[in-house]
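# Report on the structure
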Amino acid sequence: MAAWSDISRGKMEQNIPFCYKDTNKVMDLCQALRIYEENMMEVFQKTACLTDNGFAAAHKESRELALQQLGDTPGESKLNAMLSDMIKIKRQRYKLYNSRKLAMESSVSTTVAVKHLIDSKKICTTIAPEISGKSISTISQSNKKLHSIAKEFLSSEQSYVDTLHEIDQVYLKKINEGRAEKDIIPEADLVKIFGHVTAIYQFHFNFLLPQLQKRLENWEENPRIGDVMMQAGPFLKMYTTYTQNFEQASKMLEVWLGKSKDFAALVKSIQAESKNKGLQLQAHLVTPIQRIPRYKLLLENYLKQLPDDAVDRKEAETALDLIADAATHSNDTLKTNERQRELVRKLLDLENVDFDITEVSRNLLKEGSIIKLDDWEDKQYESYLYLLSDMLLDCAPLRNLPLNKSYKVRARIDLSGAQVFEVKPFDSFFGFCVHGTKKSVEFATKTCEERNNWIEAIDKAILEFENRRKSFRRSKSFTDGIEPFSNTSNNSPNIKDEEIGKKCPRWIKNREASMCMTCSIPFKIYRRKHHCRACAKIVCDDCSKHEEYLEYIPEEPQKVCAHCWKIISERNNVDAKQLAKNSLLADFVYFSEYSNNKKSCRCWCLVPQNELKLYVFKAPRDIKAKRIIDLKDSQVSCYNECEQRKYCFRLETEQNHIFLATEDKELAQVLLFVLSECTQGRHLHKEDLKHMASMGLALPSPTSAMRSLFYTKT
């Protein structure tokens, strides 16, 4: 009886009318047909053989139950008719089975069984034309293909998990055991080689593989895999980190295979004992890189065979999108890493680089040869521009030593607060000016199209940089605060009074002024021209006797005109004694513009409680501040490379980096806390600090990154 049931169920799939595209209806038809079979099997289990009347009664009862399961839904009469035709075929098979049992038990002539066999074959070839021919074979093949793809999913997943098991449970486990006996490789380097392959193995071994196995075991009841892959999709993004570090891991493995004989011997012995003796560890480690594209290919084939109205369609499409995103993310990571390495190679070819070339967020946007215009005279220089995502590098070609360098960085313009606009050079070239907060440089091209391309690229880079900082405010024109001049202009660029000394003005050519722009005295051979570093006016000796510290050139005092000196002096005229009465912080701190603190000086620093500014005085009773630093939108961090002081902090402003240091731990805590709160735009009061001191609470570090900032040098 069991053998007959298996044969019946095995052939059931071939008799289902798959001309219906709705898989729900097909499943209902399968279920109804199973109910007919199960009821008939129960009858045969109770009675070994049935008479003709008994068989007819059992058939009628089973048929009614099957039709009741399918339901007599309006518009589904064709489906009911097909079920009836299918039941007729099943009836002939059970009647043949019953006839054979009667022949064996009652010595009835087997010609009866032969007769029933002939009748059943005739019925099978004559009834239900809708389920015969091409419609059955075509849809049956489609269902078999879906099942075949699901089997391929499972078999490839099993093979992949075996490979992960080989990496994690064989290689990594035995290498760790070897490290316990002898330090053959540092743990940090071992982690770099294998990455988080353990997490990948656990995910596939404990979740994805069991889910696919369970689904294939119950394929007839639940023939789909899209939901399983959809649940696994978000977890596949863990492959991005593995892909990103794979090249470094491969190089690290090669280094230690050549560096440590014990490590190489252990890896070789593990390979000899493994199942795949022909594959080296490097071949195993590359397998996860190839897995995501494999999932994508299998799902695409699965969707090709899946009907449009299938239950699994939406989930399979969602799974494909998730896996495609993971694959794209991994590919983008590889491309980004390659671009980063190429950028580092280019920056290593430059001389006089004073910034971190390994910054991962920096990209190369545009590069090319260009003509640089002299700031003062009508001269031209050959130049090469590198437009990065955060700065513009003006480089001069090196003709002599060093031989391993091609260019020297002549000027660096940060894109923060920069502007770009057209200018008119002295000849037929097409010029533009890049105006930064610290530097202003003019360039020229031979064609108008080339100039427009550079302006468009630089302007786009500025916009994207400011948007990333979330503090961009687009001006109405490129020249807000700075008016580009023409060849006939004799006026200074329009620098607002509140911007004097804070940003670099656009330089005026010497040929554009024949007299002092302040007192109108004509320039002679014995009367030199001087540029005010604050407003860029061309002035005489008498009008440029003053010097002041400028925020965009903080290293040393700069020559300024009388007008700018008056504005800057009034801005810095603050009584330190009066300001200290209402300050959160008032103490001596070592102040420096240099990272090594060799040129640091002991200054009186104040932070008023109603202002987000740091006032720096040379002495506590000075009536003029040496520096006034705006703390808003700045960043404070620990600088552990200071060799002169125990506690050193770096304050990063838009213009430059400032270093503050002290030997007192308590003062360092207060300084760090106050500066961190002010840089984040929070206003503190004296009562806040007094309350915390009275409670005996240590002033906390404002961010988790600063919890270990305080250290004592030994």
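So, here's what we can say about the structure. Model, not experiment: these values are computed from the prediction.

## As for the sheet that holds strand 15 (residues 613–617)
Read from one edge of the open sheet, seven strands run 16-15-14-13-19-18-17, paired in antiparallel fashion. At either end of the open sheet lies a strand with only one pairing partner, and these are strand 16 (627–630) and strand 17 (635–638). Ignoring which end each strand starts from, the neighbouring axes of this sheet average 35 degrees apart. Across four bridges, strand 17 lies against strand 18 (residues 647–652) in antiparallel orientation. Paired with Cys638 across the strands is Phe649, a residue of strand 18. Sheet contacts for helix 18 (residues 665–679): strand 13 (583–592), strand 14 (601–608), strand 17, strand 18 and strand 19 (657–662); angle to strand 13, the most-contacted strand, approximately 105 degrees.

## Here we look at the environment of Asn453
Looking at the element boundaries, Asn453 is found in helix 15 (residues 448–469). Once the C-alpha coordinates of Asn453 and Lys366 are considered, the two residues, 87 residues apart in sequence, prove to be 10.0 Å apart.

## Looking at the pairing of strand 15
By the criterion of burial, strand 15 is predominantly enclosed, with four of the five residues buried. Sheet topology places strand 14 next to strand 15; three bridges connect them, and they run antiparallel. In the strand pairing of strand 15, Cys605 is matched with Val616. With antiparallel pairing between neighbouring strands as the criterion, strand 14 and strand 15 make up a hairpin whose turn holds four residues. One ladder, built from four bridges, connects strand 15 with strand 16; its direction is antiparallel. Directly across from Val616, in strand 16, lies its bridge partner Arg627.

## Quick word on the pattern of salt bridges
Counted under the stated rule, the structure contains 21 salt bridges. In this structure, the salt-bridge partner of Arg291 is Glu157, at a minimum N-O distance of 2.9 Å. Of the two residues, Arg291 is situated in helix 13 (residues 287–305) and Glu157 in helix 6 (residues 134–181); the sequence distance between them amounts to 134 residues. Of the residues examined, Arg291 reaches a relative accessible area of 5% and is grouped as buried. The network of salt bridges with shared partners includes Glu342, Arg345, Lys346 and Glu367.

## Quick word on the packing of aromatic side chains
Per the stated rule, a full pass over the model turns up nine aromatic pairs. With centroids separated by 5.4 Å and ring planes inclined at 20 degrees, the aromatic side chains of Tyr201 and Phe205 adopt a geometry described as stacked. Linking Tyr201 with Phe205, this pair stays in helix 8 (residues 197–217), spanning four residues, or about one helical turn. Under the relative-accessibility criterion, Tyr201 is labelled buried at 5%. When the ring centre of Trp454 is taken as reference, the NZ or CZ atom of Lys366 above it lies at 4.9 Å. Above the face of the Phe588 ring, Arg602 is positioned so that its terminal group lies 4.0 Å from the ring centre.

What counts and what doesn't
- Residues numbered from 1 in each chain as written.
- Predicted model: local features only at pLDDT ≥ 70, side-chain atom pairs only at ≥ 80, totals over all residues.
- Heavy atoms only, no water.
- Pairing = 2+ DSSP bridges.
- Helix = DSSP H or I, 4+ residues; strand = E, 2+ residues; numbered from the N terminus.
- Axes fitted to C-alpha atoms, helices over the stretch in contact; angles between N-to-C directions.
- Contact = heavy atoms within 4.5 Å.
- Buried < 20%, exposed > 50% of the residue type's maximum accessible area, 1.4 Å probe, protein only.
- Salt bridge = Lys/Arg side-chain N within 4 Å of Asp/Glu carboxyl O.
- Phe/Tyr/Trp six-rings, centres within 6.5 Å; stacked < 30°, edge-to-face > 60°.
- Lys NZ or Arg CZ within 6 Å of the ring centre and 35° of its normal.

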